[in-house]
Every structure is written in C-alpha cells, then in structure tokens.
Amino acid sequence: SYVFVVAHRGLPDAAKGIPENSFASLTNAVAHGADIIEVDPKITADRRFVLMHDANPAAVVFGNYTGGTVGMAPSAAWKDQLENCVLRTSRTADVPSGERICLLEEALEAVRDKAFLWFDVNIYLTSDNLDVMFGIIERKHMERQCLFSSGITCGLQRTLPGWIRCFDRAGRRISGTLDQNSPA
C-alpha cells in the first residue's frame, strides 16, 4: 500500500515568505515530497490562467490592489497590475513575499515529472474556459499529471453540459460528461 502526500495550495510557509498558490509554494511542496499538489485556477479577462484561491486578488496581493476581481477585471488590469503584483506572505499579514502571481504554464513546469497538479475547479470557469485550460495542459504534454475536482460539480453538470473532460491512464482525452450514476 502507499500513502499519497497532498499539499494544499502548494506548501506555503509565511515564515519563509512562501505564499499559497505561488511558484515557490509548488517547488516547496515538491522539495518536501508531495505527490499531489492542490491549486486553485482562475482565469483573467484576457484569458490567462493564474493560481489564486479567491476571485478578488486583494485577499492575497500586497498593497492596494484596485484592478477588480479575476475573470471580471478589464484586460488592462492584468497587464498593468496583476502581472507585476507581489503576493503577501500570508492572508493575515500585509507583508510582501517577493513572489508574483503564478501562471498555469509556470505551475505545470514546476511539477513536471515530479508531482500531480490537482485543480480545484470553481464556478468562474466555464466550459469554454476549461477548454482553453485543457489546451494549455495538452500543449505542455501534462495530461498524465493533472487531476480535477470541484465541490460544485453537480451544479455545473446541470448548467454547463459537457464541461467535464477526463483523461484515461494513457493520457488520451475522453470527451463527454460524467453521469452522476456512473463510476468515476
């Protein structure tokens, strides 16, 4: 038998200036032997995927962020603010970490051949957005290292038919939805 070590939002460490969902938290998790690293993907208005738990970057960004929520911010907000934002060391301290917001592509490279990325998908990601995300994963040839889950899956299945995509053990994409009554 085998016990999988799962790191939540990477392996943040405020004392070392490593914020959640950052490149450093991913490499820290890998360095500490994590097999699976849970992250929270969000999409910006200009369709860039970032790792961030909250829709409002102000919860984790150092200083006074005024660019709006992820997914609803104008494209200029990403270019002018989010791309250069420094993350806080933790949610409770307004102390700069030196880490910027992590892009999906950077996250994939951080764990390549080292750990699985477990994407906690939320309501902000539509089926079109998920197709873009899956395309990035496929171009990086990382299908075999990515897992997906959501606490709102059933609701999404009703409102966005076909949003769930799966990959088989050989890394081939399986199209269609998951029926609630069929085995996962």
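Structure: above.
The written sequence of each chain sets the order in which its residues are numbered from 1. In view of the model being predicted, local features appear only for residues whose pLDDT reaches at least 70, and side-chain atom pairs are presented and counted only at 80 or more, with totals across whole chains, interfaces and linings using the full set of residues. Side-chain measures were taken over the full set of non-hydrogen atoms in the model, leaving aside hydrogen atoms and water.

Draft legend 1. Representation of empty space enclosed by the protein in the model. Using a 1 Å grid laid over the protein atoms alone, points where a 1.4 Å probe fits but cannot get out form a cavity; open sets with protein on both sides within 12 Å along at least 5 of 7 lines form a pocket; any residue with an atom within 4 Å of a point counts as lining. Grid points are joined across faces, edges and corners, and a volume is the space filled by probe spheres set on the points. Summed over all chains, the structure comprises one cavity of 30 Å³ or more. Considering only enclosed or pocket space, the largest cavity measures out at about 40 Å³ in volume. Any residue that is not Ala, Val, Leu, Ile, Met, Phe, Trp, Tyr, Cys, Pro, Asp, Glu, Lys or Arg is counted as polar, Gly included; the first ten are nonpolar and the last four charged. Here the lining of the largest cavity is built from residues that sort into four nonpolar, two polar and one charged.

Draft legend 2. Representation of the pairing of strand β6 (residues 93-100) within the structure. Across three bridges, the pairing between strand β5 (residues 86-90) and β6 is antiparallel. When the sheet's bridge partners are listed, V86 is paired in β6 with R100. Criterion used throughout: strands pair if DSSP finds at least two bridges between them. Runs of E in the DSSP output that reach at least two residues are strands. Runs of H or I that reach at least four are helices, and both are numbered from the N terminus. Taking the residues that link successive antiparallel strands as the turn, the β5-β6 hairpin has two residues.

Draft legend 3. Layout of the nonpolar core. One finds L26, I37, L108, L117, F119 and I137 to be the most contacted residues of the largest nonpolar core, which totals 27 residues. The set of elements that each furnish at least two residues to this core consists of α1 (23-31), β2 (36-39), β4 (49-51), α3 (104-111), β7 (116-120) and α4 (127-139). Here, residues are in contact when the closest pair of their heavy atoms is within 4.5 Å. Once residues lying within four places of it in the same chain are set aside, the contact partners of L108 are L117, F119, I136, I137, K140, M142 and C146. By nonpolar core we mean a set of buried residues, namely Ala, Val, Leu, Ile, Met, Phe, Trp, Tyr and Cys, connected to one another through side-chain atoms within 4.5 Å. Accessible area is worked out with a 1.4 Å probe on protein chains only. A residue is then buried under 20% of its type maximum, exposed over 50%, and partly exposed in between. In terms of nonpolar packing, the next biggest core, distinct from the first, is built from eight residues, V50, M52, V60 and L87 among them.

Draft legend 4. Structural view of the environment of I18. Summarising the element assignment, I18 is placed in the loop between β1 (6-8) and α1. According to the relative accessible area criterion, I18 is buried, its value standing at 11%. Taking the C-alpha atoms as reference points, I18 and G98, separated by 80 residues in sequence, lie 8.6 Å from one another. Once residues within four sequence positions are removed from consideration, I18 is found in contact with L11, P12, D13, A24, S25, N28 and T89.

Draft legend 5. Fine view of unusual backbone geometry. Unusually for a residue other than glycine, N21 sits at a positive phi of about 55°. Checked against the element boundaries, N21 lands in the loop between β1 and α1. Even without being a glycine, H141 presents a positive backbone phi close to 55°. One can find H141 in the loop between α4 and β8 (146-149).

Draft legend 6. Up close: the side chain of E38. Within the element layout of this structure, E38 appears in strand β2. Positive charges are assigned to Lys and Arg, negative charges to Asp and Glu, while His and the chain termini are left out of the count. Salt bridge criterion: a side-chain nitrogen from Lys or Arg within 4 Å of a carboxyl oxygen from Asp or Glu. One buried charged residue, E38, remains without a salt bridge, the closest side chain of opposite sign being R9 at 4.8 Å. Setting aside its immediate chain neighbours within four residues, E38 contacts A7, H8, R9, G10, N21, W118 and D120.

Draft legend 7. Fine view of the sheet that holds β2. The four strands lie next to each other as β1-β2-β7-β8, forming an open sheet whose pairing is parallel. Edge positions in the open sheet fall to β1 and β8, since each of these has one partner strand only. Put simply, the sheet's adjacent strands are angled 25° from each other on average, direction ignored. As judged from the three bridges shared by β1 and β2, these two strands associate in the parallel manner. Bridge pairing links H8 to E38 in β2. The strands touched by α3 are β2, β7 and β8; relative to β7, the strand with the most contacts, the crossing angle is about 145°. Lying on the sheet, α4 is in contact with β7 and β8; it crosses β8 at an angle near 165°. Here an axis means a line fitted to C-alpha atoms, over the contact stretch when the element is a helix, while the angle between two N-to-C directions is reported on a 0 to 180 degree scale.

Draft legend 8. Just the pattern of salt bridges, in detail. Inspection of the entire model under this criterion finds eight salt bridges. Two residues, R9 and E20, come together in a salt bridge whose shortest N-O distance is 3.2 Å. Here R9 is found in the loop between β1 and α1, whereas its partner E20 is found in the loop between β1 and α1, with eleven residues between them in sequence. Take R9: its relative accessible area is 14%, and that puts it in the buried class. Given a relative accessible area of 16%, E20 falls into the buried group. Close ionic contact of D94 with R88 constitutes a salt bridge, the shortest N to O distance being 3.4 Å. For D94, a relative accessible area of 44% puts it in the partly exposed group. Residues joined in a network through salt bridges with shared partners are R9, E20, D40, D54 and R91.

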